[in-house]
Amino acid sequence: MTRVGPEPIVLEDALRAVEDPSCGGIAVFLGVVRNRHEGKRVTKIHYDAYPEMANAVLARIEAGLRRTHGAKAVYLAHRTGLHRVGDASVVVAVATPHRGEAFAACREGIERIKSELPVWKKEYGPGGAVWKEEVALRKPARRTSRRPAARSRRT
Amino acid sequence: MTRVGPEPIVLEDALRAVEDPSCGGIAVFLGVVRNRHEGKRVTKIHYDAYPEMANAVLARIEAGLRRTHGAKAVYLAHRTGLHRVGDASVVVAVATPHRGEAFAACREGIERIKSELPVWKKEYGPGGAVWKEEVALRKPARRTSRRPAARSRRT
Amino acid sequence: MKIRILFFASVADAARSRQLDLEVEPGTSVGGLRKRLERERPGLAGRLGKCAAAVNQAVAGPETVLSEEDEVAFLPPVSGGAR
Amino acid sequence: MKIRILFFASVADAARSRQLDLEVEPGTSVGGLRKRLERERPGLAGRLGKCAAAVNQAVAGPETVLSEEDEVAFLPPVSGGAR
């Protein structure tokens, strides 16, 4: 299950989404806004996103985690809009039969989100605001080879 | 913060315990009772524990995670008593400035709990109940070299 | 033919716009569109080269030829986050 | 001198008891206590050898000499859990 939007991230939703009686391990990563970045004070963060594409990328990451790590249930969400210090901006939750796979899948999930998701971060501090545009967006590891349909042909 | 006892594990408690404005990453591992173990159906689990020692071991693991991985906040809990399928029996939550450390600390936390914690598992299934006593309890990696005080001298 | 263009983050700030509907010649490629936008829209000069492009929400190289109704997004670098 | 002994899991089942207060000679070691219990309490024969021991809640080897009021726990192997 995936989700990109302005609603706050609720950990209990993530947990409910990954309940699976065959799974003994649930690994969760929560990214939260912290009060410093590279030595500078941060007061808030704004996340811009391309939501339709971001949801498609999350769905592809979810499929990859199921295929590669045997994840039985996956919840991936990224919040958009304004965040205060301590607010969660991203969550990855993965349920697997055993714990090793849960950690591996969760780690891969957050790394792929950080490099493939079309979501951008604007950091606010005492010195003003700045977009943190540092790493070229990575083309997803796997994608359908078929050229995607144009707007008018989708829905 | 550590906790061993019969109360249900509540993830929100774990999260509240590891809130830290200097931390951008929170990794959580949740161990839940699953419906199969080594191919056999499991209906419930009973965890026996030596609670005073288990709490001391958890506190030592917490100190180790702070020292080795720079964890700023740690929550470790193991539930005792009867568990149904889907119930959480153990949780490890760690907050660190960056995500790599959070994963490493969380993984080390659950591995140490599984090998050092004096907690025992009795598995119930259609064929009856059996204690899963498989791996010699490991002496904690670090402990005080001072011989611990006898009962009467503690409190 | 008509296409839709999307801008984000610092590029949207520079373009003073998040969305633009444009007429282009059949046969126009992503790379050709990028050059035209940098030339025609002063705020964008030098800004699109660092962006990845997506056509209909899938990352697409500069040689990709556009079709009627395509949605072309210019995607700035992301923060990557501190590991 | 008096000590307290704790049993857990399958060993508690076998001992039909979780706790036992016992008089032992000064100088008794963990290993000596283990032998005595296996000999004197039929349910425990062959059961304590696979256990680790803790004295006052810290893992202790068989050579550890006990003191008045010590709490000695016999700790069966744990499940370890499937990695």
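Residues numbered from 1 in each chain as written. Chains lettered and ligands numbered in written order. Predicted model: local features only at pLDDT ≥ 70, side-chain atom pairs only at ≥ 80, totals over all residues. Heavy atoms only, no water.

S.K.: Could you clarify how one ought to interpret the overall build of chain A in this entry?
M.R.: Helix and strand content of chain A: 3 helices and 10 strands. For chain A, the α and β elements follow one another from N to C terminus as β-α-β-β-β-β-α-β-β-β-α-β-β. Counting across all 155 residues of chain A, residues that qualify as buried make up 55%. The contacts in chain A between residues at least 6 apart in sequence include a share of 74% that link residues at least 24 apart. Summed over all atoms, the accessible surface of chain A reaches about 6,600 Å², with 51% contributed by carbon and sulfur. (Helix = DSSP H or I, 4+ residues; strand = E, 2+ residues; numbered from the N terminus. Buried < 20%, exposed > 50% of the residue type's maximum accessible area, 1.4 Å probe, protein only. Contact = heavy atoms within 4.5 Å. Areas by Shrake-Rupley, 256 points an atom, 1.4 Å probe, with all protein chains shown as cover.)

S.K.: In this structure, what is going on with the sheet that holds strand β2 (residues 19-23) of chain D? I would like to understand it.
M.R.: Sheet strands pair via backbone hydrogen bonds, and the direction of the pair is either parallel or antiparallel. Residues and elements named next belong to chain D. The 5 strands are arranged β2-β1-β5-β3-β4 in an open sheet whose pairing can be described as mixed. Of all strands in the sheet, those with a lone pairing partner are β2 and β4 (58-59), marking the two edges. The pairing of strand β3 (residues 52-55) with strand β5 (residues 71-75) spans 4 bridges and is antiparallel. Directly across from Ala-52, in β5, lies its bridge partner Leu-75. Contacting β1 (2-6), β2, β3 and β5, helix α2 (residues 30-40) crosses the sheet at an angle of about 110 degrees to β2. (Pairing = 2+ DSSP bridges. Axes fitted to C-alpha atoms, helices over the stretch in contact; angles between N-to-C directions.)

S.K.: When you look at the nonpolar core in this model, what are you seeing that I'm missing?
M.R.: Soluble globular proteins tend to pack their nonpolar side chains together in the buried interior. Among the nonpolar cores identified, the biggest contains 82 residues, and Leu75(C) and Leu75(D) are the most heavily contacted of them. Once residues lying within four places of it in the same chain are set aside, the contact partners of Leu75(D) are Tyr50(B), Met53(B), Pro118(B), Trp120(B), Leu137(B), Phe8(D), Cys51(D), Ala52(D), Ala53(D) and Ala54(D). Counting residues in each nonpolar core, the second largest holds 34 residues, with Ala93(A), Ala95(A), Cys23(B) and Ile26(B) among its members. (Core = buried A, V, L, I, M, F, W, Y, C linked by side-chain atoms within 4.5 Å.)

S.K.: Help me out: how do you make sense of the packing of aromatic side chains in this one?
M.R.: In this description, an aromatic ring pair is defined by two values, namely the gap between the centres and the angle between the planes. Applying the stated criterion across every chain, the model contains 8 aromatic pairs over all chains. Relative to Phe8(C), the ring of Trp120(A) lies with its centre 4.9 Å away and its plane at 15 degrees, an arrangement referred to as stacked. With one member in each of two chains, Trp120(A) in strand β9 (residues 119-125) and Phe8(C) in the loop between β1 (2-6) and α1 (9-15) form a pair that bridges those chains. The exposure class assigned to Phe8(C) is buried, which follows from its relative accessible area of 4%. Pairing Phe7(D) with Phe74(D) gives two aromatic rings, centres 6.3 Å apart and planes at 20 degrees, and the pair type is stacked. Placement of Phe7(D) in the loop between β1 and α1 (9-15) and of Phe74(D) in strand β5 is noted, with a sequence separation of 67 residues between them. When its relative accessible area of 0% is taken as the criterion, Phe74(D) is described as buried. (Phe/Tyr/Trp six-rings, centres within 6.5 Å; stacked < 30°, edge-to-face > 60°.)

S.K.: Would you explain the side chain of Gln57(D) in this entry?
M.R.: Relative to the helices and strands, Gln57(D) resides in the loop between β3 and β4. Among the polar contacts made by the side chain of Gln57(D), one reaches the side chain of Glu71(D) at a distance of 3.3 Å. (Polar contact = N/O pair within 3.5 Å; in protein donor to acceptor, adjacent residues only side chain to side chain.)

S.K.: Would you mind showing me how to read the sheet that holds strand β2 (residues 19-23) of chain C here?
M.R.: Residues and elements named next belong to chain C. Taken in spatial order, the 5 strands line up as β2-β1-β5-β3-β4 in an open sheet, and their pairing is mixed. Strands at the two margins of the open sheet, each flanked by one partner only, are β2 and β4 (58-59). Strands β1, β2, β3 (52-55) and β5 (71-75) of the sheet are contacted by helix α2 (residues 30-40), whose axis makes an angle of about 110 degrees with β2.

S.K.: So what exactly am I meant to see when it comes to the pattern of salt bridges here?
M.R.: Pairing is possible between side chains of opposite charge, provided their charged atoms come close. Residue and element names in this part refer to chain B. Inspection of the entire model under this criterion finds 31 salt bridges over all chains. Between Glu-123 and Lys-132 there is a salt bridge, and its shortest N-O distance comes to 3.9 Å. Across the pair, exposure class does not vary: Glu-123 and Lys-132 are buried alike. Where salt bridges share partners, they join Glu-38, Lys-121, Glu-123, Lys-132 and Glu-134 into one cluster. (Salt bridge = Lys/Arg side-chain N within 4 Å of Asp/Glu carboxyl O.)

S.K.: In this structure, what is going on with helix α3 (residues 99-116) of chain B? I would like to understand it.
M.R.: Within an α-helix, residues lying three or four positions from one another point in the same direction, as the helix has 3.6 residues per turn. Helix length check: α3(B) (18 residues) gives 25 Å between terminal C-alpha atoms against 26 Å at 1.5 Å per residue, within 8%. Within α3(B), 13 of the 18 residues are buried, leaving the element largely enclosed by the surrounding structure. (Expected span 1.5 Å × (residues − 1).)

S.K.: In this structure, what is going on with the packing of helix α2 (residues 51-69) of chain A against helix α3 (residues 99-116) of chain A? I would like to understand it.
M.R.: The geometry of a pair of packed helices is captured by two quantities: the angle between their axes and the separation between those axes. Residues and elements named next belong to chain A. Where α2 meets α3, the axes come as close as 10 Å, and the angle between the chain directions of the two elements is 155 degrees. Classified by the angle between their axes, α2 and α3 sit roughly antiparallel to one another. Considering the relative orientation of α2 and α3, their crossing is right-handed. Between α2 and α3, the contacting residues are Val-57, Leu-58, Arg-60, Ile-61, Gly-64, Leu-65 and His-69 on the first element and Glu-101, Ala-104, Ala-105, Glu-108, Gly-109, Arg-112, Ile-113 and Glu-116 on the second. Partitioning the contact of α2 with α3 into residue classes produces 7 nonpolar, 3 polar and 5 charged. (Parallel < 35°, antiparallel > 145°, perpendicular 65-115°, else oblique. Left-handed = near helix turned anticlockwise from the far one by under 90°. Nonpolar A, V, L, I, M, F, W, Y, C, P; charged D, E, K, R; others polar.)

S.K.: What exactly am I supposed to notice about α2(D) here?
M.R.: Residue and element names in this part refer to chain D. Those residues of α2 that sit buried are Val-30, Gly-31, Leu-33, Arg-34 and Leu-37. Seen end-on, α2 carries its buried residues on one side only, within an arc spanning 160 degrees. Exposed side chains of α2 directed beyond 90 degrees from the buried face belong to Lys-35 and Arg-39. (Arc of directions from axis to C-beta.)

S.K.: In this structure, what is going on with the interface of chain C and chain A? I would like to understand it.
M.R.: Accessible area lost during the coming together of the parts is what is often quoted as the interface size. Taken together, the 33 residues of chain C in the interface contact 33 residues of chain A. Carbon and sulfur atoms supply 52% of the area that chain C and chain A bury against each other, a total of about 2,900 Å² over both sides. Area buried by chain C at its contact with chain A is led by Gln57(C), Val59(C) and Val78(C), which between them contribute 25% of it. The closest approach of N and O atoms between Arg18(C) and Asp48(A), which form a salt bridge, is 2.7 Å. The tally of links between chain C and chain A comes to 12 residue pairs in polar contact (both at pLDDT 80 or more). Of all the elements in the fold, those that place two or more residues in the side of chain C that touches chain A are β1, α1, β3, β4 and β5 of chain C. Looking at the side of chain C that touches chain A residue by residue, the classes come out as 16 nonpolar, 8 polar and 9 charged. (Buried area = accessible area lost by both parts, 1.4 Å probe.)

S.K.: Is there a simple way to think about the pairing of β5(D) in this case?
M.R.: Sheet faces and side chains relate simply in a regular strand, where the side chains alternate between the two faces. Residues and elements named next belong to chain D. β5 sits mainly inside the fold: 5 of its 5 residues count as buried. With burial as the criterion, each face of β5 is covered, one bearing Glu-71, Ala-73 and Leu-75 and the other bearing Val-72 and Phe-74. Where β1 lies against β5, 3 bridges are found, and the strand directions are parallel. The partner of Arg-4 across the bridge, within β5, is Glu-71.

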